[in-house]
Amino acid sequence: MKNNLLLGCLLLSLTGGITFAQVSQSTSDIASQATTCGDMQALFTNSGQSMHNLLYSNLDVTASAQSIAAQNIKGSPFLVDNFEKSTIYVNDQLLGSFYSRYNAFNQEIEIKKTDLAEEQYKALRKDENIKVVFNDKVIEYSSFVDEKGKVTQDYLVSVLSGPNYNLYQRYMINFVEGKPAENSMVSDIPSRFTNATEYYLKDSNSNLVSYVPSKKSEILELFDTNERIQIAALIKKKRLNLKKESSLLEIMNFANSISSDYASKENK
């Protein structure tokens, strides 16, 4: 009954023109204590800025020029351009089904109740207790240690889940402003989105999420001592390219099997 009430409020909040206030209450408290639509609104925020304003907030151009430029932008700010069916969970509690897409440029999950073009999306609140499950992927907000050793937060896409190690992908998209042609002999350089990816490993024993480097000696440091020799042998035997996702998947699957076998032997 309680879940039905929460879901009903959530659906109502998506269809209305409500401005959602920021609150200090944690999402776990919201999921466990919410009994009114007002409480459920805290799971969402209005998108801070429209994509149009984000792209051109620093450009001194007219509205018509902005419109033309927007049509000529190369690439996409989204992981997948279209809204896809998804389910949203808070602390593993199912809240309901929605249409969602990940805006990697804004670092936002955009969601709607329907797939109708005229429905305005809302931006999902950034919280590590919330996850969005699609048919082919899971996206969740997470804290992690990045390449520079700094603890940061962003959305991560699940690539592989195992008993001891999970592998995630981080999508990073930047906007590069175009340049007009210097003369009639050359063409304009259009504005474009550029993208890059990083991989992260979660150790289930410590819950630490760490950047996955591409150097063999550094990646081995992510694993337990009893696993390193065997993983190093696997990398050497199969000549794995640590910059490729397929190689990382092979390593993670192998590492999870080592952990399982090792734990079984220890319990005998």
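This text goes with the structure placed above it.
Residues numbered from 1 in each chain as written. Predicted model: local features only at pLDDT ≥ 70, side-chain atom pairs only at ≥ 80, totals over all residues. Heavy atoms only, no water.

Enquirer: Is there a simple way to explain the overall build of the protein chain in this structure?
Expert: Along the backbone of the protein chain there are eight helices and 11 strands. Each of the 268 residues in the protein chain was classed as buried or not, and the buried ones make up 38%. In the protein chain, the proportion of contacts linking residues at least 24 apart, taken out of those at least 6 apart, comes to 55%. About 15,100 Å² of surface is accessible on the protein chain, with carbon and sulfur atoms providing 48% of the total. (Helix = DSSP H or I, 4+ residues; strand = E, 2+ residues; numbered from the N terminus. Buried < 20%, exposed > 50% of the residue type's maximum accessible area, 1.4 Å probe, protein only. Contact = heavy atoms within 4.5 Å. Areas by Shrake-Rupley, 256 points an atom, 1.4 Å probe, with all protein chains shown as cover.)

Enquirer: Would you explain the packing of aromatic side chains in this entry?
Expert: In this description, an aromatic ring pair is defined by two values, namely the gap between the centres and the angle between the planes. What the rule picks out here adds up to seven aromatic pairs. Here Tyr141 and Tyr155 contribute two aromatic rings whose centre-to-centre distance is 5.1 Å and whose plane-to-plane angle is 65°, an arrangement assigned as edge-to-face. Linking Tyr141 in strand S7 (residues 138-145) with Tyr155 in strand S8 (residues 151-161), this pair joins segments that are 14 residues apart in sequence. On the accessibility criterion, Tyr155 (3% relative accessible area) is buried. By the ring-pair criterion, three or more aromatic residues cluster together here, those being Tyr102, Tyr141 and Tyr155. Over the ring of Tyr89 we find Lys131; its NZ or CZ atom is 5.7 Å from the centre of that ring. Sitting over the ring of Phe134, Lys137 keeps its end group 4.7 Å from the ring centre. (Phe/Tyr/Trp six-rings, centres within 6.5 Å; stacked < 30°, edge-to-face > 60°. Lys NZ or Arg CZ within 6 Å of the ring centre and 35° of its normal.)

Enquirer: I would appreciate a short explanation of helix H7 (residues 225-238) in the present structure.
Expert: Residues spaced three or four apart along an α-helix face the same direction, because each turn holds 3.6 residues. Between its first and last C-alpha atoms H7 spans 21 Å; for 14 residues at 1.5 Å apiece the expected length is 20 Å, and the two agree. Considered for burial, the residues of H7 that qualify are Glu227, Ile231, Ala232, Leu234 and Ile235. Around the axis of H7, the buried residues are gathered within 160° of arc, so they sit on the same side. Within H7, the exposed residues directed more than 90 degrees away from the buried face are Ile229, Lys236 and Lys237. (Expected span 1.5 Å × (residues − 1). Arc of directions from axis to C-beta.)

Enquirer: Help me understand unusual backbone geometry, please; the structure alone is not making it clear to me.
Expert: Peptide bonds are trans in most cases, and residues, glycine excluded, mostly fall at negative phi. At Gln107, a residue that is not glycine, the phi angle is positive and equals roughly 55°. On the secondary structure map, Gln107 appears in the loop between strand S3 (93-103) and strand S4 (108-112). Looking at Gln107, the relative accessible area reads 28%, which means it is partly exposed. Phi angles above zero are rare outside glycine, and Arg239 is one such case at about 50°. In this fold, Arg239 is placed in the loop between H7 and helix H8 (245-267). The exposure class of Arg239 is exposed, given its relative accessible area of 76%.

Enquirer: Can you walk me through the nonpolar core in this structure?
Expert: In summary, soluble globular proteins display a tendency toward joint burial of nonpolar side chains. Counting 21 residues, the largest nonpolar core has Leu167, Val212, Ile219, Phe223, Ile231, Ile235 and Ile251 as the members making the most contacts within it. Contributions of two or more residues to this core are made by strand S9 (165-176), strand S10 (192-203), helix H6 (216-220), H7 and H8. Looking at which element gives the most residues to this core, the answer is H8, with five residues. The contacts of Phe223, once residues within four sequence positions are left out, are Tyr165, Leu201, Arg228, Ile231, Ile251, Met252 and Ala255. Grouped together as the second largest cluster of nonpolar side chains are 19 residues, Tyr102, Ile109, Val132 and Val157 included. (Core = buried A, V, L, I, M, F, W, Y, C linked by side-chain atoms within 4.5 Å.)

Enquirer: Looking at this model, I keep getting lost on the side chain of Lys112. Mind explaining?
Expert: Here Lys112 lies in strand S4. No salt bridge is formed by the buried Lys112; the nearest opposite charge belongs to Asp115, separated by 4.8 Å. (Lys, Arg positive; Asp, Glu negative; His and termini not counted. Salt bridge = Lys/Arg side-chain N within 4 Å of Asp/Glu carboxyl O.)

Enquirer: How should I be thinking about the environment of Thr152 in this particular structure?
Expert: Locating Thr152 in the fold gives a position in strand S8. For Thr152, a relative accessible area of 21% translates into the label partly exposed. Sequence-distant contacts of Thr152, defined by excluding residues within four places in its chain, comprise Ser142, Ser143, Phe144 and Asp146.

Enquirer: Is there a simple way to explain the pairing of S4 in this structure?
Expert: Each regular strand carries side chains that alternate between the two faces of the sheet. Of all five residues making up S4, five are buried, and the element is well covered by its neighbours. Here S4 shows a buried face lined by Glu108, Glu110 and Lys112 and a second buried face lined by Ile109 and Ile111. Where S3 meets S4, five bridges bridge the pair, whose relative direction is antiparallel. Bridge assignment links Tyr99 to a residue of S4, and that residue is Lys112. (Pairing = 2+ DSSP bridges.)

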